[in-house]
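Listed here are the chains, written in short residue letters.
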Amino acid sequence: MSFSLGVTLATAASLFFSGVAAGTLNRRDDVRAVFTKSHWSSATTISFPGSDSFDAKTERWNAFDPPTYAVAVSPGSQSDLVKVVKLATAHSIPFLATGGRHGYTTTLGALDNGLAIDLSNFNSVKVNKRAATLTIGGAVRFRDIYDPVFEAGFEIQMGTCSCPGMVGVTLGGGVGPWGGVHGLLIDALLSLRVVTASGRVVHVSAKSNPDLFWAFRGAGANFGIVVSATYRLQKQVNRGQILVADMLFPAEKNVSYFNLLEAYNRKVPKGISISSFVLYNTTIGQAQIAASWAYIGPEHEGRKAFAPVFALKPISTNIQTFPWNKVITSGSGGIDAYICQPGLNHNIYEVNARKISSATYKSAFSKISAFYKNNPTARGSDILISIYANQAALAVPDSATAYAYRDTVAYNDIQFSWSGSNSTLEAITTALGRQLRSEFAATSGYSDLAVYLNSAHGDETLKQKYGTRKLPRLAALKKTWDPDRVFRYNNALPTRYP
Ligand SMILES: Cc1cc2nc3c(=O)[nH]c(=O)nc-3n(C[C@H](O)[C@H](O)[C@H](O)COP(=O)(O)OP(=O)(O)OC[C@H]3O[C@@H](n4cnc5c(N)ncnc54)[C@H](O)[C@@H]3O)c2cc1C
Ligand SMILES: *[C@@H]1O[C@H](CO)[C@@H](O)[C@H](O)[C@H]1NC(C)=O
Ligand SMILES: *[C@@H]1O[C@H](CO)[C@@H](O)[C@H](O)[C@H]1NC(C)=O
Ligand SMILES: *[C@@H]1O[C@H](CO)[C@@H](O)[C@H](O)[C@H]1NC(C)=O
């Protein structure tokens, strides 16, 4: 009796977690056995679906079509990580190595009943003051480096949120507000320690495996698991004090605001970054623009640089100075904490642009306004227009790294969000997302849709994600370093191109 009950429960659990009937139970057990039978160092932990520890190690920012796992292994040492990779490849077990778990591309959903290689034990943050370098473990999040870097008297280019993994962001290029002054995150990267598909530990830098170093800077998720990464730190600009102006513009000012953005075509001043969120305002039941302008440099210069936007007379303006280590978490009215909350469904479409088109933004504003009206449960959706100066990013030759779009000035993110499953919303947001994406692409200044790899929806072509010029070399390197494509769930490269 108890035996048959046990079987029933196990079968029910298997159905519940995999959504697939016969066959999966054996497979899940087989996958687990590979890892539970091995001997591990005491810091390595193994967890299974249905436990809190598994949830803690696999919870993702995006709940929409996530990868699913039979087991999560959290290696406690580099040698255990090597062992996990060798076991997985020897048994053809599909896996994903995870850092900050903020990747939201839909290709990740193709991983079913696989292995999560959770890198969270690789969490060290070390600043070398004398050498002006930062060395971090593969799962360190931006928020972990703010204080150590700032307190040592430095700053570094970074992303706009505190929660993603710094290495994960870097591998696709690493774009952020200080591209004009400091460049992309890959431009600060000095070296990596990597576990390759074959389980070798290699040092990757300009001198050691330079081809791989080129590929890691823009297409990194294809080539290995980063155990640690070392970056060059930057001197603090303006003693690390950053001017931020947060402003609100009502719907009727959308055209004048977008016209102002267009006036920055080809001349975004070096210290400026402009984040503009089209959001729904629940109080007044309308779309609005929440703008956050930041200036890295002397305050009087910043105020002068912001004069054109102040002249538009926002309905509210909040001007503050933040130290570099607090600007992400405290600026923009604390929107970071809101954006960072995990577990919602996000359906995201991104378009890179090197030209700013007011007409396109105006049309998108009108379409998302109608969307808010008709879809009350998805009013947390937004369009984020990030305009970053790119002088320092452009100072690095295009051929120096795998990143394809150094000349991008506007990163446009159409982000639909809702909670709980809703297939109607899935269909509506997919249709509108694709439509807006092609409208943005048509006026982007690129001849085809250009997408930042780390923000790719997943359905774009290889050319759109990697850029035409880089693909042949990337494919050849994929063939050398990952011939069996074990790193294949994140918009993976082919081993031949064309
Ligand atoms: C709220 C939010 C804010 C964002 N802001 C920015 C931004 O300002 N600038 C920007 O450029 N991007 C930004 N992004 C996009 C971000 O670059 C990608 O989502 C990135 O893939 C996140 O990395 P992760 O480690 O958090 O995610 P994960 O889901 O853990 O990993 C994503 C991919 O990177 C790989 N990966 C992660 N760590 C490692 C490692 N140590 N070794 C090898 N592979 C690894 C994974 O295998 C996977 O393929 C943002 C995303 C979100 C959700
Ligand atoms: C909503 O709009 C009103 C009126 O314009 C404004 O006062 C309020 O601050 C807005 N709310 C948010 C959360 O932006
Ligand atoms: C955008 O601004 C224009 C010009 O003021 C206005 O006619 C239009 O209605 C606005 N769009 C929305 C959706 O409010
Ligand atoms: C699902 O989305 C549709 C379209 O917006 C909406 O009408 C419906 O109420 C949503 N259902 C739930 C359960 O939220």
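Residues numbered from 1 in each chain as written. Chains lettered and ligands numbered in written order. Predicted model: local features only at pLDDT ≥ 70, side-chain atom pairs only at ≥ 80, totals over all residues. Heavy atoms only, no water.

J.: Sorry, what's going on with the pairing of strand β18 (residues 410-418) here?
T.: The buried count for β18 comes to nine of nine residues, which makes it a mostly enclosed element. Of the two faces of β18, the one lined by Ala410, Asn412, Ile414, Phe416 and Trp418 and the one lined by Tyr411, Asp413, Gln415 and Ser417 are each fully buried. Of the pairings in the sheet, the one linking strand β16 (residues 345-353) to β18 comprises nine bridges and is antiparallel in character. Within the sheet, the bridge partner assigned to His346 lies in β18 and is Ser417. Two elements, strand β17 (residues 382-388) and β18, share six bridges in a ladder whose sense is antiparallel. Residue pairing for β18: Leu384 is matched across the bridge by Asp413. (Buried < 20%, exposed > 50% of the residue type's maximum accessible area, 1.4 Å probe, protein only. Helix = DSSP H or I, 4+ residues; strand = E, 2+ residues; numbered from the N terminus. Pairing = 2+ DSSP bridges.)

J.: Explain the environment of Thr329 to me, please; I cannot follow it from the model alone.
T.: Along the polypeptide, Thr329 turns up in helix α11 (residues 327-330). Take Thr329: its relative accessible area is 34%, and that puts it in the partly exposed class. For the pair Thr329 and Phe258, spaced 71 residues apart in the sequence, the C-alpha separation amounts to 26 Å. Beyond its immediate sequence surroundings of up to four residues, Thr329 is in contact with Tyr146, Ser162, Gly334 and Asp336. (Contact = heavy atoms within 4.5 Å.)

J.: Can you help me understand the site of ligand 1 in this one?
T.: Looking at ligand 1, there are 32 residues lining it, with Arg60, Ala97, Thr160, Val175 and Tyr452 nearest. With respect to ligand 1, the side chain of Arg60 contributes an N or O atom lying 2.7 Å from an oxygen atom. In this structure, a nitrogen atom belonging to ligand 1 sits 2.7 Å away from a main-chain N or O atom of Val175. Against a free-state accessible area of 940 Å², the protein chains account for coverage of 94% of ligand 1. Elements represented by at least two residues in the shell around ligand 1 include exactly β3 (95-98), α6 (166-172) and β10 (225-232). By residue number, the principal contributor to the shell around ligand 1 is α6, which donates four residues. (Near = heavy atom within 4 Å. Polar contact = N/O pair within 3.5 Å; in protein donor to acceptor, adjacent residues only side chain to side chain. Areas by Shrake-Rupley, 256 points an atom, 1.4 Å probe, with all protein chains shown as cover.)

J.: Quick question: what am I supposed to make of the pairing of strand β13 (residues 272-281) here?
T.: Regular strands place side chains that alternate from one sheet face to the opposite one. For β13, the buried fraction is high: 10 of the 10 residues fall into the buried class. The alternating pattern of β13 places Ile272, Ile274, Ser276, Val278 and Tyr280 and Ser273, Ser275, Phe277, Leu279 and Asn281 on opposite faces, both of which are buried. Where β13 meets strand β14 (residues 286-296), 10 bridges bridge the pair, whose relative direction is antiparallel. Along β14, the bridge assignment pairs Ser276 with Ala291. Between β13 and β14, which pair antiparallel in sequence order, lie four residues; one of them, Gly285, sits at a positive phi of approximately 65 degrees.

J.: How should the sheet that holds β17 be read in this particular structure?
T.: Strands belonging to one sheet form pairs held by backbone hydrogen bonds; the direction of such a pair is parallel or antiparallel. Ordered in space as β15-β12-β14-β13-β17-β18-β16, the seven strands form an open sheet in which the pairing is antiparallel. Single-partner strands in this sheet number two, and they are β15 (316-323) and β16. Looking at each pair of strands side by side, their axes are set apart by 15 degrees on average, direction ignored. The pairing of β13 with β17 spans six bridges and is antiparallel. Paired with Ser276 across the bridge in β17 is Ile385. The sheet strands contacting helix α8 (residues 254-263) are β12 (241-250), β13, β14 and β17, and the helix crosses β14 at an angle near 30 degrees. (Axes fitted to C-alpha atoms, helices over the stretch in contact; angles between N-to-C directions.)

J.: Could you clarify how one ought to interpret the domain arrangement of the protein chain in this entry?
T.: Often the size quoted for an interface is simply the accessible area lost on bringing the parts together. Each assigned domain of the protein chain is listed with its residue range as follows: domain 1 (2-118), domain 2 (125-236 + 472-481) and domain 3 (240-462). Its C-alpha centre places domain 2 at a distance of 24 Å from the equivalent point of domain 3. The interface is formed by 39 residues belonging to domain 2 together with 36 residues belonging to domain 3. The tally of links from domain 2 across to domain 3 stands at one salt bridge. Of the charged contacts, one joins Asp187 and Arg406 as a salt bridge, the two residues approaching to 2.8 Å between their closest N and O atoms. The set of elements that each furnish at least two residues to the side of domain 2 that touches domain 3 consists of α5 (142-151), β7 (154-155), α6, α7 (210-219) and α17 (471-481). Across the side of domain 2 that touches domain 3, the residue classes tally to 20 nonpolar, 14 polar and five charged. (Domains from an automatic or database assignment. Salt bridge = Lys/Arg side-chain N within 4 Å of Asp/Glu carboxyl O. Nonpolar A, V, L, I, M, F, W, Y, C, P; charged D, E, K, R; others polar.)

J.: What should I look at first to understand the nonpolar core in this one?
T.: Note that soluble globular proteins tend to have their nonpolar side chains buried in a common cluster. Grouped together as the largest cluster of nonpolar side chains are 64 residues, with contacts concentrated most on Ile145, Phe223, Tyr231 and Trp324. Both of domain 2 (125-236 + 472-481) and domain 3 (240-462) provide at least three residues apiece to this core. Grouped together as the second largest cluster of nonpolar side chains are 53 residues, Tyr295, Tyr349, Ile414 and Leu436 included. (Core = buried A, V, L, I, M, F, W, Y, C linked by side-chain atoms within 4.5 Å.)

J.: Before we go on, may I ask you to explain the site of ligand 3 in this structure?
T.: Around ligand 3 sit Ala251, Glu252, Asn254, Val255, Phe365 and Ser369, and that is every residue in its neighbourhood. Glu252 has a polar backbone atom sitting 3.0 Å from an oxygen atom of ligand 3. One of the side-chain nitrogen or oxygen atoms of Asn254 is found 2.4 Å away from an oxygen atom of ligand 3. Summarising the interface, the protein chains cover 51% of the accessible area of ligand 3, which totals 360 Å² for the free molecule. For the shell around ligand 3, the secondary-structure elements that each account for two or more residues are α8 and α13 (358-374). Residue composition of the shell around ligand 3, grouped by class: three nonpolar, two polar and one charged.

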